[in-house]
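Okay, here's what each chain looks like letter by letter:
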Amino acid sequence: MRLRPYAPGDEVAMAALYQRSVRVLGPADYTPAQVEAWAVAGPTAARFAERMADGRRAFMAEADGGTLVGFVDLEPDGHIDFLYAAPEAKGTGVADRLLDVVEVGAQADGIERLYSEASEAARRFFQRRGLDVLYRRDFEVGGVAIHNNAVEKRL
Ligand SMILES: CC(C)(COP(=O)(O)OP(=O)(O)OC[C@H]1O[C@@H](n2cnc3c(N)ncnc32)[C@H](O)[C@@H]1OP(=O)(O)O)[C@@H](O)C(=O)NCCC(=O)NCCS
């Protein structure tokens, strides 16, 4: 596996990975209706392109051969908007490698706090990595009640 910065043209693979990750990994923690709402609300390739052009950093994890197996972003204020791993890459260290590069980049930029709104899988991962859970966030997506968790780490 190797990491590299986002490059224009990655968006189609990012949108596809997002859908696969949510639909395959999401059901461990969320109902079918919640998974469907989460997936449907996911960015299209065009929307990913817009987000990636707004000044944030993003990093791609590729398997040997170049297949995208994960990605993460880091907004200038320390917000992580996206952390997604391919289902077949779960538990292989992809998320660790992606968070490592985000932490190094954040520290280099003088960012004092990393924070995110974490799904249950992401909450477990982030807690292993020293982020604290601040509170549970209950909200609706497409009329479906769902929750995630506000997490943060002071750098
Ligand atoms: C959040 C996410 C990126 C974390 O990546 P990850 O690979 O699951 O995290 P880790 O590297 O710490 O792996 C730990 C998980 O792999 C499992 N695992 C450990 N070794 C494993 C192995 N050899 N084979 C398969 N799974 C393994 C662990 O049981 C643990 O699963 P759990 O969190 O369901 O209890 C990933 O779960 C994901 O993409 N989830 C779906 C999308 C999502 O929720 N994104 C965040 C939105 S806020």
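Please read these numbers as outputs of a predicted model, since none were measured by experiment.

Engineer: How would you sum up the pattern of salt bridges? Please name residues and give values.
Structural biologist: On inspection of all chains with the given rule, the structure shows 21 salt bridges. Across the pair Glu88 and Arg20 runs a salt bridge whose closest N-O atoms are separated by 3.0 Å. Highlighted residues: Glu88 in the loop between β5 (83–85) and α4 (94–108) and Arg20 in helix α1 (residues 11–25), separated in sequence by 68 residues. Members of the salt-bridge network, linked through shared partners, are Arg51, Asp54, Arg56, Asp73, Glu75 and Asp81.

Engineer: With reference to specific residues and values, describe the nonpolar core.
Structural biologist: In terms of nonpolar packing, the biggest core is built from 43 residues, with Phe71 and Phe126 touching the most fellow members. Discounting chain neighbours no more than four positions away, the residues touching Phe126 are Ile80, Leu83, Leu99, Ser116, Ala118, Leu131 and Val151.

Engineer: Would you mind going over the site of the ligand in detail, with residue names and values included?
Structural biologist: Looking at the ligand, there are 17 residues lining it, with Ala85, Lys90, Gly91, Ser119 and Arg128 nearest. The contact in question runs from an oxygen atom of the ligand to an N or O atom on the side chain of Ser21, over 3.1 Å. Contact distances for the ligand include 3.1 Å between an oxygen atom and a side-chain N or O atom of Arg124. Protein burial of the ligand: of its 950 Å² of free accessible surface, 71% is covered by the chains.

Engineer: How would you explain the sheet that holds strand β7 (residues 132–141) if you had to name every residue and give the values?
Structural biologist: Read from one edge to the other, the open sheet built from four strands follows the order β4-β6-β8-β7, with strand pairing classed as mixed. The strands lining the two open edges of the sheet, one partner per strand, are β4 (79–80) and β7. As paired strands, strand β6 (residues 113–118) and strand β8 (residues 144–154) are joined by six bridges and run antiparallel to one another. Across the sheet, residue Ser116 finds its bridge partner in β8, namely Val151.

Criteria and thresholds
Residues numbered from 1 in each chain as written. Predicted model: local features only at pLDDT ≥ 70, side-chain atom pairs only at ≥ 80, totals over all residues. Heavy atoms only, no water. Salt bridge = Lys/Arg side-chain N within 4 Å of Asp/Glu carboxyl O. Helix = DSSP H or I, 4+ residues; strand = E, 2+ residues; numbered from the N terminus. Core = buried A, V, L, I, M, F, W, Y, C linked by side-chain atoms within 4.5 Å. Buried < 20%, exposed > 50% of the residue type's maximum accessible area, 1.4 Å probe, protein only. Contact = heavy atoms within 4.5 Å. Near = heavy atom within 4 Å. Polar contact = N/O pair within 3.5 Å; in protein donor to acceptor, adjacent residues only side chain to side chain. Areas by Shrake-Rupley, 256 points an atom, 1.4 Å probe, with all protein chains shown as cover. Pairing = 2+ DSSP bridges.

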